[in-house]
6 protein chains.
Amino acid sequence: MNRSELIGLSPIIVEPIVRAALAEDLGRAGDITSDAIIPAEARARGVLATRQAGVVAGLDVAAMAFRLLDPAVEIEVLRQDGDEIEAGAGIAVVTGKARAILSAERVALNLLCRLSGIATATSAIADAVRGTRARVCDTRKTTPGLRALEKYAVRVGGGVNHRFGLDDAVLIKDNHIALAGGIRAAVSKARARLGHMVKIEVEVDSLDQVPEAIDAKADVIMLDNMTLPEMRDAASMANRAGVVTEASGRITAESAAAIAATGVDMISAGWITHSAPILDIGLDFEGE
Amino acid sequence: MNRSELIGLSPIIVEPIVRAALAEDLGRAGDITSDAIIPAEARARGVLATRQAGVVAGLDVAAMAFRLLDPAVEIEVLRQDGDEIEAGAGIAVVTGKARAILSAERVALNLLCRLSGIATATSAIADAVRGTRARVCDTRKTTPGLRALEKYAVRVGGGVNHRFGLDDAVLIKDNHIALAGGIRAAVSKARARLGHMVKIEVEVDSLDQVPEAIDAKADVIMLDNMTLPEMRDAASMANRAGVVTEASGRITAESAAAIAATGVDMISAGWITHSAPILDIGLDFEGE
Amino acid sequence: MNRSELIGLSPIIVEPIVRAALAEDLGRAGDITSDAIIPAEARARGVLATRQAGVVAGLDVAAMAFRLLDPAVEIEVLRQDGDEIEAGAGIAVVTGKARAILSAERVALNLLCRLSGIATATSAIADAVRGTRARVCDTRKTTPGLRALEKYAVRVGGGVNHRFGLDDAVLIKDNHIALAGGIRAAVSKARARLGHMVKIEVEVDSLDQVPEAIDAKADVIMLDNMTLPEMRDAASMANRAGVVTEASGRITAESAAAIAATGVDMISAGWITHSAPILDIGLDFEGE
Amino acid sequence: MNRSELIGLSPIIVEPIVRAALAEDLGRAGDITSDAIIPAEARARGVLATRQAGVVAGLDVAAMAFRLLDPAVEIEVLRQDGDEIEAGAGIAVVTGKARAILSAERVALNLLCRLSGIATATSAIADAVRGTRARVCDTRKTTPGLRALEKYAVRVGGGVNHRFGLDDAVLIKDNHIALAGGIRAAVSKARARLGHMVKIEVEVDSLDQVPEAIDAKADVIMLDNMTLPEMRDAASMANRAGVVTEASGRITAESAAAIAATGVDMISAGWITHSAPILDIGLDFEGE
Amino acid sequence: MNRSELIGLSPIIVEPIVRAALAEDLGRAGDITSDAIIPAEARARGVLATRQAGVVAGLDVAAMAFRLLDPAVEIEVLRQDGDEIEAGAGIAVVTGKARAILSAERVALNLLCRLSGIATATSAIADAVRGTRARVCDTRKTTPGLRALEKYAVRVGGGVNHRFGLDDAVLIKDNHIALAGGIRAAVSKARARLGHMVKIEVEVDSLDQVPEAIDAKADVIMLDNMTLPEMRDAASMANRAGVVTEASGRITAESAAAIAATGVDMISAGWITHSAPILDIGLDFEGE
Amino acid sequence: MNRSELIGLSPIIVEPIVRAALAEDLGRAGDITSDAIIPAEARARGVLATRQAGVVAGLDVAAMAFRLLDPAVEIEVLRQDGDEIEAGAGIAVVTGKARAILSAERVALNLLCRLSGIATATSAIADAVRGTRARVCDTRKTTPGLRALEKYAVRVGGGVNHRFGLDDAVLIKDNHIALAGGIRAAVSKARARLGHMVKIEVEVDSLDQVPEAIDAKADVIMLDNMTLPEMRDAASMANRAGVVTEASGRITAESAAAIAATGVDMISAGWITHSAPILDIGLDFEGE
């Protein structure tokens, strides 16, 4: 990945999240253990190091946690967001006030491990579909409060983002279709009410809905829980019509290659944000 | 579990989280799909139903999401937090404005599925150690912003909570010990600086530190990544001295029973909050 | 307009804005005039009435201001958002505690008059282009803090919304093109980095850029400050290629019809949000 | 104007507004166009330049927008708040990271253009009454959330401020008078309840109320929608009694001189904050 | 005091303070004692009762604390803000969920006792000066975050409020005078820069400054730490000129009568907000 | 006190409080007096100096107030938190922009004087019990919004902290005991529901409850309003059982020594936070 063109994370978005996380952990008295035991002037040096292989994401976020407690902390970055890292490797070296580093450690790691876990999970699917037309994307099944960060981690892992919220694209599901009286009526109402900068996706769960969605001029068709042959047929119809297809429904790194082979454009996976295990990263202290 | 004595969740704590989650998802224009397609006066009825077996947690939190978008929504609760629920069972029925229910659905599910996933994971360990003296507890490896909710889910799953933040109990780790010049010095400094309502725990990673921690009058000794025989010896020493022991380090539902058999008092598990998969719960719409 | 399908305003979005507006006006002591002079138990009845003809927008927002200061206030709605109202007509009747109504009056009117001014301005352009394929839309030139409300007012006035922020659609301007090395490179980078739910618009200021933008597979081409003949040619090329066109640049109700006649799809106007005068609406008290 | 004695704008007040404006525009993913297309290390240089003549206000506010996204941005100020600037003139030069400058541009301009529009409108009236005893002032008809900034812009334009909210001065209107049983009773109640640091103004709409207000010892009398002869008589009576007069009611730059000639002390104008068009200012990029 | 004309407290101002106070006390897990021990369905009835005589203030504020934790709580009000209450008297009866009442108790009492302490202190001075022209007022020496509430308590105690902040009135102190080059220059600059709704007070600490302040047309003269004879002379000069005088400097209930006898208009006391002891009020539980 | 091991105050906790205090005082227009009178470029130098003897606390908090209004302000610290300072001594010298120093002065002093008042009150009791086993601690009777700061001031004064909120330790009072059906039942329920890091205290008001609390294995017994002989007996019983005792109930610096002599471990005092008078500290300006 060309990192310099990665869609990044503005400090305007990140800082309030990290501040709130620190406030949540520090509570009303701060780190009473470190303050009671470690002299205010003591300094420490710690290495952020992986305990297992994976793709790292969130180094700037973790660094902000340390910096907010010690503005003079020095952070030497050894690896970058998006790097595939082997187990046991150092990612960054943090040098500064011992109290501040110990107090910020858990918040920094909670964020870094979670985001790296998401990047690692995304990367596994992205690797599986490499060479096909398919790209992997996320869903809105993210952790409340952390969507911006988690969607960033998906990008770091080689995926792209589905919509960011309810307001930036239209996704017409079965309930909308039922309440609107059919796909055509639903798409048509959305087109009429919404501007020209909004894409419209229709979720279908059977092959016979595909032509209907194409006719209704949907921009994207979500193929929900279809069999591989169904996906192949659907993708074929949609491709001919210039409509994008998105395969959806419990897709894993194992099943992704076969799905990609059906010719779909996008593969969306909820578990990469809602159920990916963290990537285990720790902070190892060294004599300074 | 006697639910009426469960340590609950104050709306003062929960409401800001749910409001922020809704705001994150609604963005600057709200649910453009539902608003464009569904008449404002349309009503809907949906059933929250499990897709897999597990322990449900967070029904009040999910209900708040619906209620904040439609104060008149009716929620009929079929099962309660802490119930072990089979796959496919209905948990609650939500009846109200169709737009509001569809708009709140994802936020409600994101919270409910995550908390239920944590309760289910906790419950697996709690079941494994039933009949021993050991209890399962959590760590500070929680999702930033959601600690109060996630620690509640641990309680719902039959666990108890370790400290809530850096400020409500002392946990002296290897780095503190190194910087303080030994366990005795570290505990003594903490005792002198802190009040009588704070418990002091010392993390040890070898058997020979156990007597030192007991002598220092630690309230709790954390046995970090010890072998089963080491744990047995440590627990035996500590029990005699009236000191509580806590086993720590990559503990799973599989390994918990053997660990509990060593005689430790507490088993702490980070993965129940940082890596537990969600419990899959959906909202099924019905004709009203 | 079919009001029941208008894309509305969630209270989750509106309430914090109205609360903040009331707090800004009440300061640290509240409405000292009304409190000092009017007995706490006094009641009043006021009619929200137009002082000039226009399209009203924001009745729910204004009502929320009264309701937040007196939860028992009664609001009888005589007209609805989107109604074209003649000068001097009553819009709603507010009955409740005199202190609360007087204290909320200014905030309610500041919001209602501003939003109605925007709806009225939008409506003037929308009326001018009726019968053509062109629709009117807004820009990001909105009042900081009020974008959600102002874009709602545009919808009420018969317009549709351009993007809501920097993150929900791509708009490639001259500076982006220069830094990327051309339209094709810019669009191609955006496609590669962004998901399938994001539309890509390219701003062009000369006719010869139009084929380049079409070739680059832009979804939308913005025709910036073009002459009418240029717009006609550009629209013609783009229509054939199935690409949407948007006319931009100091468009007024007077110039809109001629622009619409060129065959463009969208007409965007910044002044409807940044410079539209308010619609003058007052609150007339009556004996109760 | 002696700029060094202008009543300024504290960063404590401004920063939260600018941060919120940036967050509103950046949404959940930031500036996806610039991030996708422009390398993170690219730099740019832009000139803030007027498109029309007017009085500039808000340069510090605009600068803060750029600085919050790139703390190392350099801003060379060419003109200052309060300067009357000809069309096409450069106001400031912004040099820094290209992504940050492009991402902050709209927020910076939205604030700068609005505040400059207000200063320009204020200045027009201030110019019209120069040489008379009359001064121009604002009202509470400001944009919710931006009152502090808009009242600053009025000062920059050569006006002074009326009260900042409901709590810092008393303004007794017709409804208060009616509910209190007369001007004398209303003023007397306010005097009794309020401290010695609060001024009391009474709104009158007929000449015969003027002596009543003077007798009641009002500090200020607002002459609402009076004819010029009525204003002259009212001002004459009030001046003799040492009471300040304020003319109010749809006052424009055209009508201000004649009103000032009546001898009133203050001329208040709502439209300078609620309906003044923006001053068109743009950001022109240059090769660096 | 005619309570129905007391300048009250808007819920818009109070609710965020009470919510924040509850959140501060509930922390990340809520009231673990009550939740662990008391069944969720248990109910309780408690009487707010004084432990010492004084003037009660803040009943609505305390009631809000209970109501925010149990919206169905019933509060029977026995006495009102401003009542002089004997030791041991019941003020209000609170009936509702036992957990909620116990959890809100401390926050309710912390606010009620503090505000009642301020009202009681204010009342002591107000009583001492009854029958003179002097009124008692407060200062800006209030508790950060609670100014609105504390100034309300002063009003309840029979005082009036000095300015609410730095922005609603001018108070020219010695340092301002020194930096401006004299009283006349300072007042003149303030008059020129500020509107007609702002009062200007000048602090003087010697008799010879009084005529200077009168000449400069100050609205109010603060007599700082003067002797009684000095105050008498100053008040006499100022009264003749129609200028208000304010005595300031370590004024107590004991010294107030003599000061009032000098003929000053206002007596300001900082200690009533910064050092008044609380009024001891408790919550006594009864069988329900 | 070894200041370098004092449990400090994180800027994450302090900064929002100081920002809010400044915003409360600056209102919507800032310090209109200083801005109108003092040139923007004027500089000043002021000395924070005590007006009475006491223990200073909160210098960093006060310094933050100046720094937030003038990031370049220089603060020369002459004395430190915890120092016992004689009347009239300089504590710190503040040099910077005159406007900023004058504008921040009141907020800085309001915080510094209050915290120093608490530290001074705490220190008086701490001095009285020196040489005994007893330590002084605080309660939850703190000022809403300032608990973290006030508990810090108690530590500075030589005390230690009781619990920080309702969630970090258990305190079983008479009402809990009544609702649970006795001390044993109450403690047992708390033990079962709560983790191993939470201390449990039981409040008793008669001697015969002491053995019951010891049997129930309470960690701490609060002796509420007992006579000295009762305290002696209770302490004696509890000490033998290894249970900590805390004396509570209107304890003053005068009564503390006798109470400490009874052998109790802790003496808790509410008045040090809720009713301690401020320590009078002022800011004296000097020629620069």
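Computed from a prediction, not measured in an experiment: that's the story for all the values here.

Draft legend 1. Representation of the pairing of strand S1 (residues 43–50) of chain F within the structure. Residue and element names in this part refer to chain F. Across the eight residues of S1, six count as buried, placing the element largely inside the fold. Here seven bridges tie S1 to strand S5 (residues 90–97), and the two strands are oriented antiparallel to one another. Bridging from a neighbouring strand, Arg45 pairs with Thr95 of S5. Relative to strand S12 (residues 281–286), S1 runs antiparallel, the two being bridged by six bridges. When the bridges of S12 are listed, Leu48 appears paired with Leu283.

Draft legend 2. Examining the sheet that holds strand S7 (residues 170–172) of chain C more closely. Residue and element names in this part refer to chain C. Reading across from one edge, S6-S11-S10-S9-S8-S7 is the order of the six strands in this open sheet, with parallel pairing throughout. Here the strands that pair on one side only, and so sit at the sheet edges, are strand S6 (135–137) and S7. Within the sheet, the average angular offset between the axes of one strand and its neighbour, ignoring direction, is 25°.

Draft legend 3. Representation of the interface of chain A and chain B in the model. Tallying the contact residues gives 59 residues for chain A and 60 residues for chain B. The contact between chain A and chain B buries some 5,000 Å² in all, and 58% of this surface belongs to carbon and sulfur atoms. Summed over the three residues of chain A that lose the most area to chain B, namely A:Ile37, A:Pro144 and A:Leu166, the buried surface amounts to 14% of that side. Linking chain A with chain B are six salt bridges, by the criterion used here.

Draft legend 4. Representation of the pattern of salt bridges in the model. This model, assessed by the stated rule, comprises 90 salt bridges over all chains. The salt bridge partner of F:Asp127 is F:Arg130, with a shortest N-O separation of 3.1 Å. The partner of F:Arg133 in a salt bridge is F:Asp265, with the nearest N and O atoms 2.8 Å apart. Highlighted residues: F:Arg133 in the loop between helix H4 (98–128) and strand S6 (135–137) and F:Asp265 in the loop between helix H10 (253–260) and strand S11 (266–268), separated in sequence by 132 residues. Residue classification places F:Arg133 among the partly exposed residues on the basis of a relative accessible area of 49%. Here the salt bridges share partners, and the residues they tie into one network are A:Asp25, B:Arg140 and B:Arg147.

Draft legend 5. Local environment of the relation of the copies chain F and chain C. After a rotation of 180° and a shift along the axis of 0.0 Å, chain F superposes on chain C with an RMSD of 0.0 Å. Seen this way, the second copy is the image of the first under a two-fold rotation axis. Scanning chain F for the C-alpha nearest the rotation axis identifies F:Gly27, at a separation of 3.7 Å.

Draft legend 6. A look at the packing of helix H1 (residues 11–26) of chain C against helix H4 (residues 98–128) of chain C. Residue and element names in this part refer to chain C. Close contact between H1 and H4 brings their axes to 10 Å; oriented N to C, the two are set at 130°. Judged by the inter-axis angle, H1 sits oblique to H4. When you trace H1 past H4, the crossing you get is right-handed. Where H1 abuts H4, its residues Val18, Ala21, Leu22, Asp25 and Leu26 lie against Ser103, Ala104, Arg106, Val107 and Leu111. Looking at the contact of H1 with H4 residue by residue, the class counts come to seven nonpolar, one polar and two charged.

Draft legend 7. Fine view of the sheet that holds strand S3 (residues 74–77) of chain B. All names here are of chain B. Strands sit in the order S3-S5-S1-S12 across an open sheet of four strands; the sheet is antiparallel. At either margin of the open sheet sits one strand with a lone partner, and together these are S3 and strand S12 (281–286). Within the sheet, the average angular offset between the axes of one strand and its neighbour, ignoring direction, is 20°. Taken strand by strand, helix H3 (residues 59–69) contacts strand S1 (43–50), S3, strand S5 (90–97) and S12, and its axis lies near 165° from that of S3. Relative to S12, helix H4 (residues 98–128) is tilted by about 155°, and along the sheet it contacts S1, S5 and S12.

Draft legend 8. Representation of the relation of the copies chain A and chain B. Mapping chain A onto chain B leaves a residual RMSD of 0.0 Å; the transformation is a rotation of 180° accompanied by 0.0 Å of translation along its axis. The share of interface residues of chain A whose copies in chain B are also at the interface is 100%, consistent with both copies meeting through the same surface.

Draft legend 9. Examining the environment of A:His176 more closely. The topology assignment puts A:His176 in helix H6 (residues 174–180). The exposure class of A:His176 is buried, given its relative accessible area of 5%. Here A:His176 is in contact with A:Leu171, B:Thr33, B:Ser34, B:Ile37, B:Ile38 and B:Leu102, once residues within four sequence places are set aside.

Draft legend 10. The interface of chain F and chain C, seen in detail. Contacts between chain F and chain C engage five residues on the former and five residues on the latter. When residues of chain F are sorted by the area they lose upon contact with chain C, F:Glu24, F:Gly27 and F:Arg28 head the list and together hold 95% of the total. Inspection of the chain F/chain C interface yields zero salt bridges. Of the residues contributing to the side of chain F that touches chain C, the split by class is one nonpolar, one polar and three charged.

Draft legend 11. Here's a closer look at the packing of helix H4 (residues 98–129) of chain D against helix H5 (residues 147–156) of chain D. Residue and element names in this part refer to chain D. Running from amino to carboxyl end, H4 crosses H5 at an angle of 45°, the nearest separation of the two axes being 7 Å. The orientation of H4 relative to H5 falls into the category oblique. When you trace H4 past H5, the crossing you get is right-handed. Only Leu149, Glu150, Ala153, Val154 and Val156 of H5 make contact with H4, whose side of the interface consists of Leu111, Arg114, Leu115, Ile118, Ala119 and Thr122. Grouping the amino acids of the contact of H4 with H5 by side-chain chemistry returns eight nonpolar, one polar and two charged.

Draft legend 12. Spatial organisation of the packing of aromatic side chains. Counted by the stated rule, this structure contains zero aromatic pairs over all chains. For the cation-ring pair, A:Lys151 lies above A:Phe164, with the distance from its terminal atom to the ring centre recorded as 5.4 Å.

Draft legend 13. Expanded view of H4(F). All names here are of chain F. Spanning 31 residues, H4 covers 43 Å between terminal C-alpha atoms, matching the ideal 45 Å at 1.5 Å per step. Of all the bends in H4, the greatest, near 40°, is centred on Glu105. Among the 31 residues of H4, 27 are classified as buried, and the element is accordingly described as predominantly covered.

Draft legend 14. Here's a closer look at the state of the cysteines. Enumeration over the complete set of coordinates arrives at zero disulfides over all chains. Distance from the sulfur of A:Cys137, which forms no disulfide, to the nearest cysteine sulfur (B:Cys113) is 19 Å. With a relative accessible area of 0%, A:Cys137 lands in the buried category.

Draft legend 15. Summary view of the side chain of D:Asp224. All names here are of chain D. Within the secondary structure, Asp224 sits in strand S9 (residues 220–224). Although buried, Asp224 forms no salt bridge, and the nearest oppositely charged side chain, Lys141, lies 7.8 Å from it. Side-chain polar atoms of Asp224 contact the side chain of Ser248, separated by 3.4 Å.

Draft legend 16. Fine view of a negative patch on the surface. Where like charges cluster on the molecular surface, the negative patch consists of A:Asp174, A:Asp205, A:Asp208 and A:Glu212. Note that A:Asp205 resides in the loop between strand S8 (200–204) and helix H8 (209–215).

Draft legend 17. Main features of helix H5 (residues 147–156) of chain B. Burial runs high along H5(B): 10 of the 10 residues are buried. Once H5(B) finishes, B:Gly158 follows within two positions and takes phi at roughly 100°, a positive value.

Draft legend 18. Spotlight on unusual backbone geometry. Unusually for a residue other than glycine, A:Lys217 sits at a positive phi of about 65°. Position of A:Lys217 relative to the elements: it lies in the loop between H8 and strand S9 (220–224). Positive phi, normally seen in glycine, also occurs at E:Asn225, with a value near 55°. Inspection of the secondary structure puts E:Asn225 in the loop between strand S9 (220–224) and helix H9 (228–241).

Draft legend 19. Quick look at the environment of D:Thr143. Relative to the elements of secondary structure, D:Thr143 occurs in the loop between strand S6 (135–137) and H5. In the structure, D:Thr143 is positioned 131 residues away from D:His274 in sequence and 6.8 Å away in space, judged by C-alpha atoms. Apart from the residues within four sequence positions on either side, D:Thr143 is in contact with C:Glu24, C:Arg114, C:Thr143, C:Leu146, D:Arg114, D:Glu150 and D:Thr273. A distance of 2.7 Å separates the side chain of D:Thr143 from the side chain of C:Arg114, its partner in a polar contact.

Analysis parameters
- Residues numbered from 1 in each chain as written.
- Chains lettered and ligands numbered in written order.
- Predicted model: local features only at pLDDT ≥ 70, side-chain atom pairs only at ≥ 80, totals over all residues.
- Heavy atoms only, no water.
- Buried < 20%, exposed > 50% of the residue type's maximum accessible area, 1.4 Å probe, protein only.
- Helix = DSSP H or I, 4+ residues; strand = E, 2+ residues; numbered from the N terminus.
- Pairing = 2+ DSSP bridges.
- Axes fitted to C-alpha atoms, helices over the stretch in contact; angles between N-to-C directions.
- Contact = heavy atoms within 4.5 Å.
- Buried area = accessible area lost by both parts, 1.4 Å probe.
- Salt bridge = Lys/Arg side-chain N within 4 Å of Asp/Glu carboxyl O.
- Least-squares fit on C-alpha atoms with pLDDT ≥ 70 in both.
- Parallel < 35°, antiparallel > 145°, perpendicular 65-115°, else oblique.
- Left-handed = near helix turned anticlockwise from the far one by under 90°.
- Nonpolar A, V, L, I, M, F, W, Y, C, P; charged D, E, K, R; others polar.
- Phe/Tyr/Trp six-rings, centres within 6.5 Å; stacked < 30°, edge-to-face > 60°.
- Lys NZ or Arg CZ within 6 Å of the ring centre and 35° of its normal.
- Expected span 1.5 Å × (residues − 1).
- Bend = angle between axes of the 7 residues up to and from the residue.
- Disulfide = S-S within 2.5 Å.
- Lys, Arg positive; Asp, Glu negative; His and termini not counted.
- Polar contact = N/O pair within 3.5 Å; in protein donor to acceptor, adjacent residues only side chain to side chain.
- Patch = residues over 30% accessible without salt bridge, like charges linked within 9 Å, V, L, I, M, F, W, Y side chains within 5 Å.
- Areas by Shrake-Rupley, 256 points an atom, 1.4 Å probe, with all protein chains shown as cover.
- Charge placed at Lys NZ, Arg CZ, Asp CG, Glu CD.

Honestly, it's all geometry; don't read function into it.
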